[in-house]
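These are the residues of each chain, in order.
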Amino acid sequence: KLCIVDCPNICHQRLVSPSLEELHLCRSSLFCNIDCCSLTSFHCQCEFATSIQLQTWSLPALKTLKIMCKSLTSIGGSTNLSLCTGTGSIRAFSSLSVLSISHCDKLSTLDDLLTQEYLPSIEYIHVESCHELLSLPGERFRSFAYLKDLVVIECWSLNWQRGLVLPSSLRRLRLEWCGDISPYVPSCLQNLTSLVSLCIGGCQGITSIPGDIWSSNLASLEELSILLCPDLVSFGGAEAVANIKDVEICGCPNLANEEQINRRSGPRYLC
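Residues numbered from 1 in each chain as written. Predicted model: local features only at pLDDT ≥ 70, side-chain atom pairs only at ≥ 80, totals over all residues. Heavy atoms only, no water.

Q: Where do I start with the pairing of strand β16 (residues 246–250) in this structure?
A: Counting buried residues in β16 gives four out of five residues, a clear majority hidden from the surface. Two strands pair when backbone bridges link them, and β16 and strand β17 (residues 261–263) are joined in this way by three bridges, in the antiparallel orientation. Directly across from Ile-249, in β17, lies its bridge partner Ile-261. (Buried < 20%, exposed > 50% of the residue type's maximum accessible area, 1.4 Å probe, protein only. Helix = DSSP H or I, 4+ residues; strand = E, 2+ residues; numbered from the N terminus. Pairing = 2+ DSSP bridges.)

Q: Got a minute to help me understand the sheet that holds strand β2 (residues 14–16) in this structure?
A: Sheets are built from strands that pair by backbone hydrogen bonding, the pairs being arranged parallel or antiparallel. An order of β2-β4-β7 is seen for the three strands of this open sheet, with the pairing classed as parallel. Strands at the two margins of the open sheet, each flanked by one partner only, are β2 and β7 (57–58). Where β2 lies against strand β4 (residues 33–35), three bridges are found, and the strand directions are parallel. Its bridge partner being in β4, Arg-14 is matched across the sheet by Asn-33.

Q: Any chance you could explain the confidence of the model for the chain here in plain terms?
A: It should be kept in mind that the predicted coordinates are not to be read in detail where pLDDT is low. Across the chain, the average pLDDT comes to 89, with 91% of residues at or above 70. Residue range residues 77–89 is modelled with pLDDT below 50. Its contacts to residues more than four positions away, or to other chains, number 23 contacts. (pLDDT = per-residue confidence, 0-100. Contact = heavy atoms within 4.5 Å.)

Q: Looking at this structure, I do not really get the pattern of salt bridges. What am I missing?
A: Where charged atoms from two side chains of opposite charge approach closely, those side chains can pair. For the structure on display, the rule yields nine salt bridges. One salt bridge in this structure joins Lys-106 and Glu-132, with 3.8 Å as the shortest N-O distance. With a gap of 26 residues between them, Lys-106 in the loop between β10 (98–102) and β11 (124–128) and Glu-132 in the loop between β11 and β12 (149–153) connect regions that are remote in the sequence. On the accessibility criterion, Lys-106 (44% relative accessible area) is partly exposed. Taking the relative accessible area as the measure of exposure, Glu-132 reaches 40% and is therefore partly exposed. Taken together, the shared-partner salt bridges in this structure form one network comprising Asp-111, Glu-139, Arg-140 and Arg-162. (Salt bridge = Lys/Arg side-chain N within 4 Å of Asp/Glu carboxyl O.)

Q: Looking at this structure, I do not really get unusual backbone geometry. What am I missing?
A: Trans is the common state for peptide bonds, and a negative phi is the common state for residues other than glycine. The linkage connecting Val-185 with the following residue, Pro-186, adopts the cis geometry, with an omega of 20 degrees. Phi is positive for Ser-129, which is not a glycine, with a value near 55 degrees. The residue Glu-154 is not glycine, and still its phi comes out positive at about 55 degrees. Among the secondary structure elements, Glu-154 is positioned in the loop between β12 and β13 (172–176). Note on Glu-154: relative accessible area 31%, which makes it partly exposed.

Q: For this particular structure, what's the right way to read the sheet that holds strand β8 (residues 64–67)?
A: Spatially, the twelve strands line up as an open sheet ordered β1-β3-β5-β8-β10-β11-β12-β13-β14-β15-β16-β17, and their pairing is mixed. Every interior strand has two partners, whereas the edge strands, β1 (2–5) and β17, have only one. For this sheet, the mean inter-axis angle between neighbouring strands, taken without regard to orientation, is 5 degrees. Bridge count between β13 and strand β14 (residues 197–201): five bridges; the pairing is parallel. Across the sheet, the residue bridging to Arg-174 is Cys-199, located in β14. (Axes fitted to C-alpha atoms, helices over the stretch in contact; angles between N-to-C directions.)

Q: Explanation requested: the environment of Leu-107 in the structure shown.
A: Mapped onto the elements of the fold, Leu-107 is located in the loop between β10 and β11. With 86 residues separating them in the primary sequence, Leu-107 and Thr-193 have C-alpha atoms 33 Å apart.

Q: How should the side chain of Ser-41 be read in this particular structure?
A: With respect to the helices, strands and loops of the structure, Ser-41 is situated in strand β5 (residues 41–45). With near-sequence residues (within four places) excluded, Ser-41 lies in contact with Glu-21, Glu-22, Leu-23, Leu-62 and Thr-64.

Q: I would appreciate a short explanation of the environment of Ser-215 in the present structure.
A: Relative to the helices and strands, Ser-215 resides in the loop between β14 and β15 (223–227). For Ser-215, a relative accessible area of 56% translates into the label exposed. Sequence separation between Ser-215 and Val-241 is 26 residues; the distance between their C-alpha atoms is 8.0 Å.

Q: Is there a simple way to think about the side chain of Glu-176 in this case?
A: Here Glu-176 shows up in strand β13. A polar side-chain atom of Glu-176 sits 2.6 Å from a polar atom in the side chain of Arg-174. (Polar contact = N/O pair within 3.5 Å; in protein donor to acceptor, adjacent residues only side chain to side chain.)

Q: Just to check I follow, could you spell out the pairing of β8 for this structure?
A: Each regular strand displays side chains that alternate between the two surfaces of the sheet. Two strands pair when backbone bridges link them, and β5 and β8 are joined in this way by four bridges, in the parallel orientation. The partner of Cys-44 across the bridge, within β8, is Ile-67.

Here it is as structure tokens:
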């Protein structure tokens, strides 16, 4: 395990290790080249990094990648990613199951990174507080066959013009203050037969969710939160969600008072 903390002027040289399993860079510079065949966990908090050139990383065993870089503007470089194995090309993260990208205030897109070919084993995607993020490839999520958890919160500027289609493998979904998803609700929920936890919050434009969806498409749901959705006028009523163990529906002024529900039997999964 290697931790480098508060070293902003470290030389931008190559990091090579055949045995390193965990790497933490905190408030430090980012190495130009990282070649660590045993690395399974990488936490990157490099405040002054403006770009991450993935073609310079060789991390075939990487399982967890967490990026928190305030000045980051791009991941993957200015050219399209190519899934080749030659020098200077992008290598797929074949083992990566957990991806977290948060507080990257200048990042505008993740289109290059979020592809099924590049992340064939991904199970958990967390994107949070990337306030200038304009684009997420929502139409590609359905191709992630092993995706179980998807969290997108406080990404105010997101545009979902290309759609939002989710895989049936999904178990937990959290969408809060992440742009206008109203054109895709409830359609994006209709294939989620394995979903156990759903949280939708701070989403304008969602006016209704048909009541039969809770007992048909979302029959496995155990936890439901709908918070601060000002345009919601109907979700089927209290009877429609009676079989869901934990329900919180509040801050939706167009719902009748009796439809504002707060019924919790245990800890929440996501919200």
